[in-house]
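Read off the chains here:
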Amino acid sequence: MNGQVNTLLVYAALNFGMLVALSAVLYAAPSPLLNPAAVPFGVRVPPDKVRAAVVEEQRHHYRGAILVAAAIVTVLASALGAALGTLTAGAAGSLLLCALAAALWVRAHRGIARAKADGGWYEHARQGTVMDTSLRTDPVRFPWYWTVPALVVIAVSTAAGVIVYPGLPDHISMPRRSAGGTVYESYPTTVWTAFGLVLCQVLLTLVVAAVVAGLLRARADLDVARPAAGAARYRRYLVFTARSMMGIAALLNLMLLGLSALMWSDTRSTPMTWAVTGVPLVAVLAVVACLTLRVGPAGSRLRAPAAEEDTGLVPRDDDRFWRGAGTVYVNAEDPAVLVPKRVGIGWTVNLGNPRVLVATASLLAVAVGAAVVRAVL
């Protein structure tokens, strides 16, 4: 009886924690903590309109609706998840909250855009753009030293795999999540199955390194009012972000090393699995939280290196290039592949760039081809 009660409490706590964390993120989504202040709800506004009444009103309506919906969904999903002994209720509740947040975001976006057009916010503003050419001639260097931890974990994983491989049984078991919980499936022991997670480490590190290299060359969204200070701040932002991403790659590699050890030793302990996966993921969340609180979108929370005279310019009104309530950038005339996000922290791709379209089509073709080959074989 006690075991059953404990199981119910565990599922209730997991569903509750999942939904509370998501609700907190959705509630904070419109704040300058997670979005550039100059584009509330994805709408470009002049600096003197960042705290306009209509902007504050839309934030108030969005957050009020999110709070009410989050309270109702969290209670119902936590109770249902505990009764059924599954995390599916929490996942369904999360999808429902995300859909509601998207609808509220679109409504707020349209309200601010309408007020901006009706009020002529940009009619008398001196619009401009600024570019730091030194980001091309003297770019921020790739953080090679910060790749060492990820490479060391890969080396340790490879060495451990080589040592234990001769003593592995003919079949090894790999965990898989299902509706009824975690199940273990047996596979013939081969180099590919035994070293599968090690190969994932290598692929993960290469992908993260490639992304970092691309971000260091991405187009910068600099402060047109104080371009020199903005360029210096953006360089510090790139350094922080690049190092953090390589640190995250090392933490994820460490998680994969732990999962490999569990697979090689045929350990099926749930607490051990939670520890091996949970500790690195918590560390990753800590790194992300540090970036959010200390650095901010595009380095907005970093201190400017020196005072600079205001140019009197405001950022160019480029709303026509942003679709999906400020989430999708489409500009065929812009040669940039990566541009700073309007919604959230980081960068997004320019879907109007032919190179992005070709790369996307190639990836889809490879995915479809792999699915067809797997189905035939």
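Not measured: the values here are computed from a predicted model. (Residues numbered from 1 in each chain as written. Predicted model: local features only at pLDDT ≥ 70, side-chain atom pairs only at ≥ 80, totals over all residues. Heavy atoms only, no water.)

Moving on, we get to the packing of helix H7 (residues 196–215) against helix H8 (residues 227–264). Packed helix pairs are specified by the crossing angle of their axes together with the interaxial distance, meaning the distance between the axes. It is at 9 Å that the axes of H7 and H8 come closest, and there the two elements cross at 175°. With respect to each other, H7 and H8 are oriented roughly antiparallel. Contacts from Leu197, Val198, Cys200, Gln201, Leu204, Thr205, Val208, Ala209, Val211, Val212 and Leu215 in H7 reach Leu238, Ala242, Met245, Met246, Ala249, Leu252, Asn253, Leu256, Leu257, Leu259, Ser260 and Trp264 in H8. Its residues assigned to classes, the contact of H7 with H8 shows 19 nonpolar, four polar and no charged. (Axes fitted to C-alpha atoms, helices over the stretch in contact; angles between N-to-C directions. Helix = DSSP H or I, 4+ residues; strand = E, 2+ residues; numbered from the N terminus. Parallel < 35°, antiparallel > 145°, perpendicular 65-115°, else oblique. Contact = heavy atoms within 4.5 Å. Nonpolar A, V, L, I, M, F, W, Y, C, P; charged D, E, K, R; others polar.)

Under the counting rule described, the total for this entry stands at ten aromatic pairs. Ring centres of Tyr62 and Trp105 lie 6.3 Å apart, and the angle between their planes is 85°; this geometry places the pair in the edge-to-face category. One end of the pair, Tyr62, is in helix H2 (residues 53–84); the other, Trp105, is in helix H3 (residues 88–119), and 43 residues separate them in sequence. The exposure class assigned to Trp105 is buried, which follows from its relative accessible area of 8%. Lying over the aromatic face of Tyr27, Arg63 brings its terminal NZ or CZ to 5.3 Å of the ring centre. (Phe/Tyr/Trp six-rings, centres within 6.5 Å; stacked < 30°, edge-to-face > 60°. Buried < 20%, exposed > 50% of the residue type's maximum accessible area, 1.4 Å probe, protein only. Lys NZ or Arg CZ within 6 Å of the ring centre and 35° of its normal.)

On to H8, then. For H8, with 38 residues, the first-to-last C-alpha span of 55 Å sits near the 56 Å given by 1.5 Å per residue. At the exit of H8 stands Asp266, carrying a positive phi of roughly 55°. (Expected span 1.5 Å × (residues − 1).)

Mapped onto the elements of the fold, Val140 is located in the loop between helix H4 (134–137) and helix H5 (148–164). Residue Val140 is classed as buried on the basis of its relative accessible area, which comes to 12%. Distance in space between the C-alpha atoms of Val140 and Arg217 is 8.5 Å, their sequence separation being 77 residues. Not counting chain neighbours up to four residues away, the residues in contact with Val140 comprise Leu216, Arg235, Leu238 and Val239.

Now for the side chain of Thr348. Summarising the element assignment, Thr348 is placed in strand E8 (residues 347–349). Once residues lying within four places of it in the same chain are set aside, the contact partners of Thr348 are Trp322, Thr327, Tyr329, Val337, Leu338, Val339 and Lys341.

On average, residues of the protein chain score 85 in pLDDT, and 93% of them are at 70 or above. Confidence, expressed as mean pLDDT per element, reaches its minimum in the protein chain at strand E2 (residues 171–178) with 70 and its maximum at H5 with 94. (pLDDT = per-residue confidence, 0-100.)

Among the secondary structure elements, Asn353 is positioned in the loop between E8 and helix H10 (354–376). Given the relative accessible area of 3%, Asn353 is considered buried. Among the polar contacts listed, one links the side chain of Asn353 to the backbone oxygen of Pro335, at a separation of 2.9 Å. Within the structure, the side chain of Asn353 is placed 3.4 Å from the backbone oxygen of Ala336, a separation counted as a polar contact. Contact partners of Asn353, with chain neighbours within four places excluded, come to Asn331, Asp334, Pro335, Ala336 and Val337. (Polar contact = N/O pair within 3.5 Å; in protein donor to acceptor, adjacent residues only side chain to side chain.)

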